[in-house]
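Structural description and commentary
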Amino acid sequence: KYKFINNFEELPLLDHKIVCREKEIENIKKFVYGIKGALRKKVSLSIYGYGGVGKTALVIEGVKSIIQDVVDATTPNNYNPDFILFFTAKEEALDLSFSTGNIQRKIYRHNFSSSVELENSIYEKLNISSFEGYGGQGIIIIDNLETLERNERIKINEFIQYMSPAGIQYIVTSRNEEECEERMKLGGFEAVEGKNFIRQYIDENELDLQLCDADQETLLEMSKGNTLVLVLSLRRLSKKIATVEGIVMDLSKMSSVQSVATELVSLPANGYEIISEFMFKNTFIELEERLIDDKELFARLLQVFAVFPKETIDIYTMCMLLDVGYIQIEPYLNMLCKFLILERKEDSFAINSFAEKYIVQRFLTDQETYERVSNKIEKSVREI
């Protein structure tokens, strides 16, 4: 069917149509085709964002659109690839349980776990021993790069930048902002855009579901605009295995910070905990490894975000609460933004709600610690 080398049998199947991503798909195609009359194109694109925001689905939809253009002979600049290859390091995904309808983790079949495995897989698919003297053009998709250890990611980035011919373009998906020539941050849906997503998703996928404005707003609030969480919630509702009220309970944060230890031991994980683990399991481990020489300040910083009484904290208040200087704390805040744990809003910062579970588990381990930190922060905020 296709005249170019591919491994489309290894692409994950999309059970449902994606919606409201037309602009992003066009940006992927512009990256691949280049501008009209271009003599040179950029060779690497990083699509990054929270776990579950739809990065893999977006890339697959973009590739499908490119394939259609190639088959129809409508590609700009007479683009005609010699190959399109997909490789994923994804280890797990979220889905619905057939028996209970609850959100659950499932093991995902990844096809590389190191830079050497990826390189060898590329050469094997192209039936070559190396890129030396290779003159073909095509697309290589590297999915969920954040799953690999930092050293392995660095090697892959070096392979892309220095060891690949100019005719080969890479599309990398990751929860981190990878070092690529072009970068596209993929966010969730909020307010009007979110309602439009819900309506289009229901229509395009012919779900047996009707939601009033209030229910749509509730789902957007509970999901924090996360695409995967929204999709899983809509599927649960359409199958009549959940109600909006039930989803609210399932996606609610733990009932109290003080009881987190006993709750995690004695109760099965609810949707909130499963999603939190899925989104941030590897992130905090890597952050602690990077900040091994200054873990105390890092811990104090995250404790403040976990117990702060308002949604956002400005950087100057943070400096006073921690008794540190602006220059000392700004790199930490920027790093947390880069890892998508925090979101910057001018001079203020807000924490991702699904990251709170990890902060509580690692840095507020018992009721005494929680109360001590909470009382200190509340007193300081009143003084400020």
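The structure we're discussing is the one just above.
As the structure is a computational prediction, the values presented were derived from the model and not from experiment.

Looking only at helices and strands, one finds 15 helices and 11 strands in the protein. Taking 21 Å as the expected radius of gyration for a compact globule of 384 residues, we find that the protein reaches 23 Å, a close match to that expectation. If one aligns the C-alpha atoms of the protein with their principal axes, the spans along those axes are about 65 × 50 × 35 Å. A separation of at least 24 residues holds for 73% of the contacts in the protein among residues at least 6 apart in sequence. Carbon together with sulfur atoms contributes 47% to the accessible area of the protein, which is approximately 19,400 Å² in total.

Turning our attention to the nonpolar core. Side chains of nonpolar character tend, in soluble globular proteins, to be buried together. Phe197, Leu211, Leu234, Phe280, Leu301, Phe305 and Ile329 are the most contacted members of the largest nonpolar core, which has 73 residues in total. In this view, Leu234 contacts Ile198, Tyr201, Ile202, Leu207, Leu209, Leu211 and Leu219; residues no more than four positions away in its chain are not counted. Listed in part, the 26 residues of the second largest apolar core include Val53, Ile60, Val63 and Ile171.

In this section: the pairing of strand β7 (residues 168-174). Where burial is concerned, most of β7 is hidden: seven out of the seven residues are buried. Judged by which residues are buried, β7 turns out to be covered on both faces: Ile168, Tyr170, Val172 and Ser174 on one side and Gln169, Ile171 and Thr173 on the other are all buried. Across five bridges, the pairing between strand β2 (residues 44-48) and β7 is parallel. Paired with Leu45 across the strands is Ile171, a residue of β7. Pairing of strand β6 (residues 138-143) with β7, which is carried by five bridges, proceeds in the parallel orientation.

Our focus in this paragraph is the packing of helix α12 (residues 315-322) against helix α13 (residues 326-338). One way to put it is that α12 packs onto α13 with a least axis distance of 10 Å and a crossing angle of 115 degrees. Between α12 and α13, the crossing angle belongs to the class labelled roughly perpendicular. Our pair here, α12 against α13, has a crossing hand that is right-handed. For the pair formed by α12 and α13, the contact residues are Ile315, Tyr316, Met318, Cys319 and Leu322 on the first element and Tyr326, Ile329, Glu330 and Leu333 on the second. Here the contact of α12 with α13 is composed, by residue class, of eight nonpolar, no polar and one charged.

The strand order β1-β3-β6-β7-β2-β8 describes an open sheet built from six strands, whose pairing is parallel. Each edge of the open sheet is held by one strand with a lone partner, namely β1 (5-6) and β8 (182-185). Inspection of the sheet shows β2 paired to β8 by four bridges, in the parallel sense. Following the sheet pairing, Ile47 is matched in β8 by Met184. Contacting β2, β6, β7 and β8, helix α1 (residues 22-33) crosses the sheet at an angle of about 150 degrees to β7.

So, about the pairing of strand β4 (residues 92-96). Counting buried residues along β4, five of its five residues qualify, which places the element largely inside the surrounding structure. Neither face of β4 is exposed, since Glu92, Leu94 and Leu96 on one face and Ala93 and Asp95 on the opposite face are all buried. Sheet analysis places β4 next to strand β5 (residues 103-107), joined by five bridges and oriented antiparallel. In the strand pairing of β5, Glu92 is matched with Ile107.

Attention now goes to the packing of aromatic side chains. This model, assessed by the stated rule, comprises 11 aromatic pairs. Residues Phe83 and Tyr134 carry aromatic rings whose centres are separated by 6.4 Å and whose planes lie at 50 degrees to one another, so their mutual orientation is tilted. Placement of the pair is Phe83 in strand β3 (residues 83-88) and Tyr134 in the loop between α3 (115-126) and β6, with a sequence separation of 51 residues. Three or more aromatic residues joined by ring pairs form one cluster here, namely Phe83, Tyr123, Phe131, Tyr134, Phe159 and Tyr170.

This paragraph deals with the packing of helix α11 (residues 295-307) against helix α15 (residues 367-383). Closest axis-to-axis distance for the α11/α15 pair is 10 Å, and the angle between their directions is 80 degrees. As summarised for this structure, α11 and α15 are arranged roughly perpendicular, according to the angle between their axes. Contacts between α11 and α15 involve Gln303, Val304 and Val307 on the former and, on the latter, Thr369, Tyr370, Val373, Ser374 and Ile377. For the contact of α11 with α15, the class distribution of residues is five nonpolar, three polar and no charged.

A separate point is the environment of Ile18. Turning to its location among the elements, Ile18 is positioned in the loop between β1 and α1. Once the C-alpha coordinates of Ile18 and Ala57 are considered, the two residues, 39 residues apart in sequence, prove to be 7.3 Å apart. Setting aside anything within four residues of it in sequence, one finds Ile18 in contact with Ile25, Ala57, Leu58 and Glu61.

Considering all chains together, one arrives at 14 salt bridges under this definition. Between Glu61 and Lys64 there is a salt bridge, with its nearest N and O atoms 3.7 Å apart. Linking Glu61 with Lys64, this pair stays in helix α2 (residues 55-72), spanning three residues, or about one helical turn. A relative accessible area of 45% means that Lys64 is categorised as partly exposed. Put simply, Glu152 and Lys155 hold a salt bridge, and the shortest N to O gap is 3.6 Å. With Glu152 and Lys155 both in helix α4 (residues 150-162) and three residues apart, the pair spans about one turn of that helix. Relative accessible area serves as the criterion here: at 17%, Glu152 is assigned to the buried category. By relative accessible area, which is 42% here, Lys155 ends up partly exposed. Several salt bridges converge on common partners, so that one network encompasses Glu177, Glu179, Arg183 and Lys338.

Conventions we followed
- Residues numbered from 1 in each chain as written.
- Predicted model: local features only at pLDDT ≥ 70, side-chain atom pairs only at ≥ 80, totals over all residues.
- Heavy atoms only, no water.
- Helix = DSSP H or I, 4+ residues; strand = E, 2+ residues; numbered from the N terminus.
- Rg over C-alpha atoms; globule rule 2.2 N^0.38 Å.
- Contact = heavy atoms within 4.5 Å.
- Areas by Shrake-Rupley, 256 points an atom, 1.4 Å probe, with all protein chains shown as cover.
- Core = buried A, V, L, I, M, F, W, Y, C linked by side-chain atoms within 4.5 Å.
- Buried < 20%, exposed > 50% of the residue type's maximum accessible area, 1.4 Å probe, protein only.
- Pairing = 2+ DSSP bridges.
- Axes fitted to C-alpha atoms, helices over the stretch in contact; angles between N-to-C directions.
- Parallel < 35°, antiparallel > 145°, perpendicular 65-115°, else oblique.
- Left-handed = near helix turned anticlockwise from the far one by under 90°.
- Nonpolar A, V, L, I, M, F, W, Y, C, P; charged D, E, K, R; others polar.
- Phe/Tyr/Trp six-rings, centres within 6.5 Å; stacked < 30°, edge-to-face > 60°.
- Salt bridge = Lys/Arg side-chain N within 4 Å of Asp/Glu carboxyl O.

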